[in-house]
Amino acid sequence: MTSSPGAGGPAAGTGASRADARPRGARRSLMAWLVCCAAGAGLALFAAGKEWAAVGYGGAPVPVKGGDAVTGLTPLALAALAAVLAVFATRGVWRRLVGVVLTCCGVAVAALAWPSRLPERAVEVAETTRSLSGQAARVTVTAWPWAAVAGGALLAVCGVAAVLLAGAWPGMSGKYERRSGGGGKTARRVTGDRALWDAIDEGTDPTVDLDDHSGNDKK
């Protein structure tokens, strides 16, 4: 009993659709991760420029911004953004190490922004900027420190996600690299604009395959 020529069509189409869905899913996951990283770092940076506490000495209260009370907050948030960009430029183990760095930056942001010692730091900043000392101070803490804590926690979660999921994400460094023959995958013939872009996204150099076929035709 012979099978009809179209018997393998549905199965082949299903396999191709699953293969196409994997790169798309990885790209969507990477974009969602990037949005969360930008939200976490942006929230920490935005909160650092806001008033975290007001120190009263009987007269007008002295406002204290987050960047003044916690001097390391802004550099850590900027370092986290640099780590996010480094994820796109690295692959493999290096990308996971960058994820670890991002996790550490997020934890440090959350720990520094935690308002348990904010009243003491606010008094120190107020006394330094206004030359007020030896007077009883009343400190009012705002909600902005908690916003910075939330931003740091989000960055830490994004760092853990990078460590766990970075292996499936595309990157700039390997996007246009030619795959070596040792990987067990041979270059496939690329035809059509859509197939050309799909091959580039997968890291395959379509020009090499086309050159090989043209050389064979000449022979």
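These numbers come from a predicted model, not from an experiment.

Undergrad: Is there a simple way to think about the overall build of the protein chain in this case?
TA: The number of helices and strands found in the protein chain is eight helices and three strands. In sequence order, the protein chain lays out its α and β elements as α-β-β-α-α-α-α-β-α-α-α. When burial is assessed residue by residue, the protein chain has 31% of its 219 residues classed as buried. In the protein chain, the share of contacts with a sequence separation of at least 24, taken over all contacts with a separation of at least 6, comes to 75%. With the model as given, the accessible surface of the protein chain reaches about 12,900 Å², and the carbon-plus-sulfur share is 62%.

Undergrad: Any chance you could explain the sheet that holds strand 1 (residues 51-56) here in plain terms?
TA: Note on sheets: strands pair through backbone hydrogen bonds, and any given pair is parallel or antiparallel. Across the sheet, three strands lie side by side as 2-1-3; this open sheet has antiparallel pairing. Taken across any chain shown, the strands that pair with only one partner, and hence form the sheet edges, are strand 2 (62-65) and strand 3 (138-141). Ignoring which end each strand starts from, the neighbouring axes of this sheet average 25° apart. In this sheet, strand 3 lies alongside strand 1 in antiparallel orientation, the contact comprising four bridges. Bridge assignment links V55 to a residue of strand 3, and that residue is V139.

Undergrad: Is there a simple way to think about the packing of aromatic side chains in this case?
TA: Per the counting criterion, the structure on display carries two aromatic pairs. Measuring from centroid to centroid gives 5.5 Å for F46 and W144, while their planes differ by 70°, and the two rings are edge-to-face. Of this pair, F46 sits in helix 1 (residues 9-48) while W144 is found in helix 6 (residues 144-165), placing the two residues 98 residues apart along the sequence. Among the residues examined, F46 registers a relative accessible area of 46% and is labelled partly exposed. Among the residues examined, W144 registers a relative accessible area of 29% and is labelled partly exposed. Their ring planes at 75° and their centres at 4.9 Å tell us that W114 and W146 sit as a pair that is edge-to-face. Of this pair, W114 sits in the loop between helix 4 (92-113) and helix 5 (118-130) while W146 sits in helix 6, placing them 32 residues apart in sequence. Given a relative accessible area of 44%, W146 falls into the partly exposed group.

Undergrad: Can you walk me through the confidence of the model for the protein chain in this structure?
TA: Caution is warranted with low-pLDDT regions, since their predicted coordinates should not be read in detail. Looking at the protein chain, pLDDT values average 76 and 64% of them are 70 or higher. The secondary structure element of the protein chain with the lowest average pLDDT is helix 8 (residues 206-218), at 54, and the one with the highest is helix 6, at 94.

Undergrad: Looking at this structure, I do not really get a nonpolar patch on the surface. What am I missing?
TA: Taken together, the side chains of V93, W94 and L97 define a hydrophobic patch exposed on the protein surface, amounting to about 370 Å² of accessible area. Mapped onto the fold, V93 is located in helix 4. When its relative accessible area of 61% is taken as the criterion, V93 is described as exposed.

Cut-offs used in this document
Residues numbered from 1 in each chain as written. Predicted model: local features only at pLDDT ≥ 70, side-chain atom pairs only at ≥ 80, totals over all residues. Heavy atoms only, no water. Helix = DSSP H or I, 4+ residues; strand = E, 2+ residues; numbered from the N terminus. Buried < 20%, exposed > 50% of the residue type's maximum accessible area, 1.4 Å probe, protein only. Contact = heavy atoms within 4.5 Å. Areas by Shrake-Rupley, 256 points an atom, 1.4 Å probe, with all protein chains shown as cover. Pairing = 2+ DSSP bridges. Axes fitted to C-alpha atoms, helices over the stretch in contact; angles between N-to-C directions. Phe/Tyr/Trp six-rings, centres within 6.5 Å; stacked < 30°, edge-to-face > 60°. pLDDT = per-residue confidence, 0-100. Patch = residues over 30% accessible without salt bridge, like charges linked within 9 Å, V, L, I, M, F, W, Y side chains within 5 Å. Salt bridge = Lys/Arg side-chain N within 4 Å of Asp/Glu carboxyl O.

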